[in-house]
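Residues per chain, in single letters:
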Amino acid sequence: MKISVYNSLTKKVEELVPVKENEIKMYSCGPTVYNHAHIGNMRSFLFADLVQRILRVVGKYDVNWVMNITDIDDKTIRDSAKNSPVWHSDMGEQTDEPKENLKKLTEYYQDLFLEDIGKLGIDVEHFYALPCATDFIDEMQELIRNIYKNGYAYISEGSVYFDVNKWRKDDVYGKLFKIDFDNFRAGARVDSDEYEKENASDFVLWKSMKENEPFWDFEIDGKSCPGRPGWHIECSAMEYELFGLTFDIHTGGIDLKFPHHEDEIAQSKAGYGIEPTKYWLHNEFLEVEGEKMSKSAGNFFTLRDLETKGLDPLDIRFSMLSAHYSTKFNFTFQGIESSKKARKRVQDFIYDLLESDNMEGELLDVEKVKNTIFEELSNDFHTPKALAGLFGLINSTNPKALAANSRNELLALLNDLNHIFAVWDFGTRPVEIIDIPEEITELAAKRWQAKADRNFQLADELRKEIDSKGYIIKDTKTEYEIIKK
């Protein structure tokens, strides 16, 4: 089935046409491993996972998916510095060697990141590579030399900067994001890895060495410039080395359009002479209870924070994937509870299908249903409409009344959908063991005795009290059963 995507580069929905038939090369901006990834970050990673899964299942493509690990930037250097206030014993002993401290910090948080995404249903086996930036320093230096040789970079005080004004004379700067060049000051430079759109200016490709920071030797145009790479150059070099240019898809959060992705396009084309990717896909922001997530607002959460509150990572996954990636996602605890119930509704339907042993029964046009759902998924990954089709099917179908072939075809479809959403189980329905509190068992016994004594008013009062505490009494002629709501 053909896939259509909204391309941030062309500002329109267009058919996905891979560079190489039946194969997709996809690069996703990954985590900066200086701390736990927060749930806003996780939305970007879940979106990328959704895209590659739909490409595999619906589009039938072979997908080579790369997500980079940023293990060298302003934040990782700051937090790995000697006597950093965020350093703790789980990272090991700090040394007098900045590179060694950087490696300890970033490896610690990289391991935790992989644990977190595993809980969220992202399968590391789907990655073609998870490259660390520090493994590609030589390749970054070579790219910087190319950009300099081509006349689009200059050296200042040991750092190397991309000359935006020169680049604009030969190409467009602002392909993904409209930049106000009326206030642009040619020659103004910014050293920070991350900056606001108002600071459009020459950006750093290589930062000169600073005291007590990790550095690498670098020679350019006969000059020695020890230091370390800027953030933006990292992705350009890794993409080229792992994929070659031009590759198919680049994903990331909408906040990365500028400066990161805009700078990526400029430096890749300036150094390699070719656009890095055909399709740029960006997911919208995540909010918490309708507000921007921030530590100062007290609504800043990591996955581990949410687990301590009793939330299941797969309910979080299902909730995020149930919204279209191009809309802001409003994270609420009530919303997660609703997603939990919806996920369970599908899970119970699957168990009912698996437990049914009818050979004869109703016939269902599963192929028609499948085409309808897959068409929504292929139309810019529209999961809300696809799930609406799925729940419409569930609400109108009695799984135990289906004929065997319809039941098997439906299970195959649900299995396909689970390869995309990855939140359901196809094993045996687990037996729920409920530990009934002693208080409830005593109330139930008193109620049973009241019924035996034909004191129906008391029995009804006890039933209501049991109900208010979250339990239901189900009577038969000879006994009763206590059921948790």
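Structure report, in brief. (Residues numbered from 1 in each chain as written. Predicted model: local features only at pLDDT ≥ 70, side-chain atom pairs only at ≥ 80, totals over all residues. Heavy atoms only, no water.)

Pairing is mixed across the open sheet formed by three strands, whose spatial order is E16-E15-E17. Both edges of this open sheet fall to strand E16 (291–292) and strand E17 (329–331), since each of them pairs with a single strand only. Here two bridges tie strand E15 (residues 286–288) to E16, and the two strands are oriented antiparallel to one another. What sits directly across from Val288, in E16, is Glu291. (Pairing = 2+ DSSP bridges. Helix = DSSP H or I, 4+ residues; strand = E, 2+ residues; numbered from the N terminus.)

Right, let's talk about the packing of aromatic side chains for a bit. Geometrically, a pair of aromatic rings is defined through the distance of the ring centres and the angle of the planes. On inspection of all chains with the given rule, the structure shows 25 aromatic pairs. Aromatic side chains Tyr128 and Phe243 sit 6.2 Å apart centroid to centroid with 20° between the ring planes, which places their arrangement in the stacked category. One end of the pair, Tyr128, is in strand E5 (residues 127–129); the other, Phe243, is in the loop between helix H6 (231–242) and strand E13 (247–253), and 115 residues separate them in sequence. When the ring of Tyr240 is compared with that of Tyr272, the centres are 3.8 Å apart and the planes differ by 10°; the resulting orientation is stacked. Of this pair, Tyr240 sits in helix H6 while Tyr272 is found in helix H7 (residues 257–272), placing the two residues 32 residues apart along the sequence. Stacked on the ring of Phe181, the Lys or Arg Arg168 has its end atom at 3.7 Å from the ring centre. (Phe/Tyr/Trp six-rings, centres within 6.5 Å; stacked < 30°, edge-to-face > 60°. Lys NZ or Arg CZ within 6 Å of the ring centre and 35° of its normal.)

Following the sequence through the fold, Arg429 ends up in the loop between helix H13 (404–421) and helix H14 (438–452). For the pair Arg429 and Ser28, spaced 401 residues apart in sequence, the C-alpha separation works out to 36 Å. Excluding residues that lie within four positions of it along the chain, Arg429 makes contacts with Asp348, Tyr351, Asp352 and Glu355. Within the structure, Arg429 has its side chain in polar contact with the side chain of Asp352 (distance 2.7 Å). Looking at Arg429, its side chain comes within polar contact range of the side chain of Glu355, at 2.8 Å. (Contact = heavy atoms within 4.5 Å. Polar contact = N/O pair within 3.5 Å; in protein donor to acceptor, adjacent residues only side chain to side chain.)

Turning our attention to helix H15 (residues 456–468). End to end, H15 covers 18 Å across 13 residues, agreeing with the expected 18 Å (1.5 Å per residue, within 8%). Regarding H15, the residues found buried are Ala459, Leu462 and Ile466. Down the axis of H15, the buried side of the element spans an arc of 65°, and every buried residue falls inside it. Of the exposed residues in H15, the ones pointing more than 90 degrees away from its buried face are Gln457 and Ser468. In this structure, the buried side of H15 is in contact with H14 and strand E18 (471–475). Gly470 lies just past H15 and shows a positive phi near 95°. (Expected span 1.5 Å × (residues − 1). Buried < 20%, exposed > 50% of the residue type's maximum accessible area, 1.4 Å probe, protein only. Arc of directions from axis to C-beta.)

As far as function goes, none of this settles anything; it's purely spatial.
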